[in-house]
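As a plain string of letters, each chain reads:
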Amino acid sequence: MGRRATADDTRKVLVVDDDADWREFLRLCLEDLGYEAIEAANGQEALDSLSRQRYGVMLLDLNMPGMNGFEVVERMPRNGNPPRVVFLTAAAAQEVGGALRSGPHYYLPKGASRDQLSLLLQSLDA
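Residues numbered from 1 in each chain as written. Predicted model: local features only at pLDDT ≥ 70, side-chain atom pairs only at ≥ 80, totals over all residues. Heavy atoms only, no water.

**Remarks on the pattern of salt bridges**
Between side chains of opposite charge, a pair can form as their charged atoms come close. One pass over the structure, following the stated rule, counts seven salt bridges. Between Arg-23 and Glu-39 there is a salt bridge, with the nearest N and O atoms lying 2.9 Å from each other. Of this pair, Arg-23 sits in helix H1 (residues 20–32) while Glu-39 is found in strand E2 (residues 36–40), placing the two residues 16 residues apart along the sequence. Classification of Arg-23 by relative accessible area gives buried; the value is 12%. A salt bridge links Arg-27 to Glu-24, with the nearest nitrogen and oxygen atoms 3.9 Å apart. Of this pair, Arg-27 and Glu-24 are both found in helix H1, three residues apart, which corresponds to roughly one turn of the helix. A cluster of three or more residues bridged by salt bridges with shared partners is formed by Arg-23, Glu-24, Arg-27, Glu-31 and Glu-39. (Salt bridge = Lys/Arg side-chain N within 4 Å of Asp/Glu carboxyl O. Helix = DSSP H or I, 4+ residues; strand = E, 2+ residues; numbered from the N terminus. Buried < 20%, exposed > 50% of the residue type's maximum accessible area, 1.4 Å probe, protein only.)

Written out as structure tokens, the structure is:
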């Protein structure tokens, strides 16, 4: 039986990326912006975390070894309110088009600044 989403859940962000330095940068930025950030190093860790906890947003690396971002989205639990998915990738925006068309997903380039992350999160809260 799933938990009901609470207002606090919207301030929880799951950061999924195989690059530990990028994950840490995002976690620190999110914490500075008032979010609670949980890290996952791969797709399976992300799915395990999604089965235990609700998140408002999931920052999800599109290209990870093993299970990629597409596969994580396909296997995500569908009960309750799934998190809004923001794909993280070093690929150019036009190369991410298929992922963005697969659902109401968003895109943040790797190497984005804290301000770019903040603006994206603000637009998701609107």
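The structure having been displayed, the exposition proceeds.
**Looking at the packing of aromatic side chains**
Throughout the structure, instances matching the rule amount to two aromatic pairs. Note on Trp-22 and Phe-25: the rings are 5.5 Å apart at their centroids and 20° apart in plane angle, and the pair reads as stacked. With Trp-22 and Phe-25 both in helix H1 and three residues apart, the pair spans about one turn of that helix. Overall, the relative accessible area of 34% leaves Phe-25 in the partly exposed class. (Phe/Tyr/Trp six-rings, centres within 6.5 Å; stacked < 30°, edge-to-face > 60°.)

So, to be careful, I would describe these as geometric facts and stop short of saying anything about function.
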